[in-house]
Amino acid sequence: MASRVVKGGHRLTEYLAASKAAEPLWGDVQKYVLDRAAGPSYRRKDVMHPSEMVKSDWCHLAAYHRLRLQVDAPGRGKTTFTRENIFQEGHQTHSKWQNWFFEMKRLAGDWYCNACDDEFWADETPEHCHLCLAPSTCLIYAEVALEAPALRIAGKADGYSPLDHALIEIKTLGLGSLRYERPEFLERYMVDTEEHGKLPDLTRLWRDFRRPLPTAVRQVQLYMYLARHFEDLDLDRCIFFYDFKPTQETKSFTVTYDESMSDPLIEAAAAIVDCLATDTPPHCNHNGRAGCVNCLEFQEPKKK
Ligand SMILES: [Zn+2]
Ligand SMILES: [Zn+2]
């Protein structure tokens, strides 16, 4: 009987609901992960983050207010279990690649030592803690801090290989992350199937994936700018590794340093810092006096 056929999506929802009811641990872990995400943020509030600066809707006025008031970017706390799961999967993928580069002795950067609770920089994979001589098993790769205090910008690159004169950026590409970050790209690969309705053609999507996403390119250009001008690192490119979640295949791309891509962002940051020094709010770079969705949240209520 046709009316009794249960479609995939519906069945999945039912399955989740059932497992939630039947298995308290599943409900508990979801609550735990969401509570943890809503907890205190360790993200710095006294600097501008490259990941925010490269977004097309980055507002200079909102950035000014956020630095002045030392508050988080909006959207924190609004998360789902799946979103947190994607973030965590991304962290795990970082560790996997960093560990391989560590074993290959191709990784430079900051290292955190569990034994002495301190951090040190090493140009080569360290064999022991440079501060307390604890063995390398005590060390955790703390990535590559990139800071421009004068511009109030701070970020972190995933890795640095001096031998390759390159920063390293590790990305995961999956249906979940594409749905959040590039819905229009995913949409191009949706095909109608007779049995299951619209589904993404993963083979074609991965085959056509030939360059890093534009925001990722802008972000590493800014990282390279900071690395060269403020951290004195010798590099002229960034090597991307994209892990494709559905098949675990990997693609690597190289992005060559192009200073002109970061110039407008550096100028904007310098202008925002000047505005902070003189207590003069900059103009909204998206919508002038009227303001945009990002800076309007800081607007004081009009006096009657
Ligand atoms: Zn140590
Ligand atoms: Zn604005």
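Because the structure is predicted, anything quoted here is derived from the model rather than measured.

Before going further, it helps to spend a moment on helix H10 (residues 259-278). End to end, H10 covers 29 Å across 20 residues, agreeing with the expected 28 Å (1.5 Å per residue, within 8%). Every buried residue of H10 is listed here: Ser-262, Leu-265, Ala-269 and Ile-272. At its buried positions, H10 is contacted by helix H3 (50-53), helix H4 (60-69), strand E5 (153-157) and helix H9 (214-229). A positive backbone phi angle near 60 degrees is found at Asp-279, which sits one or two residues after H10.

You can see Leu-276 is positioned in helix H10. Here the alpha-carbon distance between Leu-276 and Leu-67, two residues 209 residues apart in the chain, equals 8.3 Å. Apart from the residues within four sequence positions on either side, Leu-276 is in contact with Tyr-64, Leu-67 and Arg-68.

What follows is about the pairing of strand E1 (residues 109-113). In this sheet, strand E2 (residues 118-122) lies alongside E1 in antiparallel orientation, the contact comprising five bridges. Across the sheet, Cys-113 pairs through a bridge with Asp-118, a residue of E2. Where E1 folds back on E2, the antiparallel hairpin that results is connected by four residues, among which Asp-117 adopts a positive phi of roughly 55 degrees. Sheet topology places E1 next to strand E3 (residues 139-141); three bridges connect them, and they run antiparallel. Bridge pairing links Cys-113 to Leu-139 in E3.

Let us now look at unusual backbone geometry. Here the phi dihedral of Lys-105 falls at roughly 60 degrees; this positive angle occurs in a residue that is not glycine. Inspection of the secondary structure puts Lys-105 in the loop between helix H5 (81-103) and E1. According to the C-beta neighbour criterion, Lys-105 is exposed, with 12 such atoms within 10 Å. The phi angle at Leu-133 is positive, at roughly 70 degrees, despite the residue not being glycine. Structurally, Leu-133 can be placed in the loop between E2 and E3. Judged by local crowding, Leu-133 falls into the exposed class, with 12 C-beta atoms found within 10 Å.

Rules and cut-offs
- Residues numbered from 1 in each chain as written.
- Chains lettered and ligands numbered in written order.
- Predicted model: local features only at pLDDT ≥ 70, side-chain atom pairs only at ≥ 80, totals over all residues.
- Helix = DSSP H or I, 4+ residues; strand = E, 2+ residues; numbered from the N terminus.
- Expected span 1.5 Å × (residues − 1).
- Buried ≥ 20, exposed ≤ 12 C-beta atoms within 10 Å, placed from the backbone.
- Contact = placed C-beta atoms within 7 Å.
- Pairing = 2+ DSSP bridges.

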